[in-house]
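An overview of the molecular structure
The lines below spell out each chain.
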Amino acid sequence: QVELVESGGGSVPAGGSLRLSCTASGDTVSISCMGWFRQAPGKEREGVASIYTRDGSTYYSDSVKGRFTMSQDNAKNTMYLQMNTLKPEDTDMYYCAASQWLPRHRCEALDTNRADFAYWGQGTHVTVSS
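The following paragraphs examine the structure supplied in this document. As the structure is a computational prediction, the values presented were derived from the model and not from experiment. (Residues numbered from 1 in each chain as written. Predicted model: local features only at pLDDT ≥ 70, side-chain atom pairs only at ≥ 80, totals over all residues. Heavy atoms only, no water.)

In this section: the overall build of the protein. Within the protein, the secondary structure is distributed over one helix and 11 strands. Taken over the C-alpha trace, the protein has a radius of gyration of 14 Å; the compact-globule value for 130 residues is 14 Å, and the two agree within 12%. Each principal axis of the C-alpha atoms in the protein carries an extent, and together these give about 40 × 25 × 25 Å. Going through the 130 residues of the protein one by one, you find that 47% of them count as buried. Nonlocal contacts in the protein, meaning residues at least 24 apart in sequence, comprise 61% of its contacts between residues at least 6 apart. About 6,300 Å² of surface is accessible on the protein, with carbon and sulfur atoms providing 48% of the total. Of the side chains in the protein, 12 bear a positive and 14 a negative charge, and the two mean positions are spaced by 3 Å. (Helix = DSSP H or I, 4+ residues; strand = E, 2+ residues; numbered from the N terminus. Rg over C-alpha atoms; globule rule 2.2 N^0.38 Å. Buried < 20%, exposed > 50% of the residue type's maximum accessible area, 1.4 Å probe, protein only. Contact = heavy atoms within 4.5 Å. Areas by Shrake-Rupley, 256 points an atom, 1.4 Å probe, with all protein chains shown as cover. Lys, Arg positive; Asp, Glu negative; His and termini not counted. Charge placed at Lys NZ, Arg CZ, Asp CG, Glu CD.)

Encoded structure:
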């Protein structure tokens, strides 16, 4: 069993930055992939970024590539999503997620791997004003 706690959401003007954090507890040794997803009301949850925890490889959706950076601090069982040059269309609820024993090629597949994540945080809201 894994528990995830997110923090760091808030409101910023366009062009601003935020850093989201997600701390895992429980059976963290078995986690091989962690991801960030976002969801607007009435829309499907969208994969934003993921990290293959075995070696720190990161993957990003086209909509955030070059602006968002995902990283991990293994000593703290925490992963981060640094979001720079934020746009109004980045306004969403952001969720972190964890998957145990997921292979790399599935961790990378942000378009299709949402169902691979068994554990989810409670969500943190990001608002970017124009």
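From this point, things continue past the structure.
Moving on to the sheet that holds strand β8 (residues 78–83). In spatial order, the strands read β1-β3-β8-β7; together these four strands make up an open sheet with antiparallel pairing. Two strands in the sheet have a free side with no partner beyond their single neighbour: β1 (2–7) and β7 (68–73). Geometrically, the sheet is characterised by an average inter-axis angle of 20° between neighbouring strands, direction not taken into account. (Pairing = 2+ DSSP bridges. Axes fitted to C-alpha atoms, helices over the stretch in contact; angles between N-to-C directions.)

This structure, assessed with the given rule, holds three aromatic pairs. Judged by centre distance (5.2 Å) and plane angle (75°), the rings of F37 and F117 are edge-to-face. Within this pair, whereas F37 is found in strand β4 (residues 31–39), its partner F117 is found in the loop between α1 (104–108) and β10 (119–120), the two being separated by 80 residues in sequence. Residue F37 is classed as buried on the basis of its relative accessible area of 1%. The residue whose ring lies beneath R45 is W120, and the NZ or CZ to ring-centre distance is 4.8 Å. (Phe/Tyr/Trp six-rings, centres within 6.5 Å; stacked < 30°, edge-to-face > 60°. Lys NZ or Arg CZ within 6 Å of the ring centre and 35° of its normal.)

A separate point is the environment of G66. With respect to the element layout, G66 can be found in the loop between β6 (57–60) and β7. On the accessibility criterion, G66 (80% relative accessible area) is exposed. Between the C-alpha atom of G66 and that of M79, which follows or precedes it by 13 residues, the distance is 18 Å.

This part is about the state of the cysteines. One covalent bond between the sulfur atoms of two cysteine residues makes up a disulfide. Counted by the stated rule, this structure contains two disulfides. Each disulfide in the protein links cysteines that, numbered along the sequence, combine into the pattern 1-3, 2-4. (Disulfide = S-S within 2.5 Å.)

So, about unusual backbone geometry. Within the chain, N77 stands out as a residue other than glycine whose phi angle is a positive 50°. Inspection of the secondary structure puts N77 in the loop between β7 and β8. Backbone geometry at T85 places phi at a positive 45°, although glycine is not the residue there. Its location among the elements puts T85 in the loop between β8 and β9 (92–100).

With that settled, consider the side chain of T53. Mapping T53 onto the fold places it in the loop between β5 (46–52) and β6. Owing to a relative accessible area of 15%, T53 belongs among the buried residues under this scheme. Within the structure, T53 has its side chain in polar contact with the backbone oxygen of I31 (distance 2.8 Å). Residue contacts for T53: discarding those within four places in its chain leaves I31, S32, C33, M34 and Q72. (Polar contact = N/O pair within 3.5 Å; in protein donor to acceptor, adjacent residues only side chain to side chain.)

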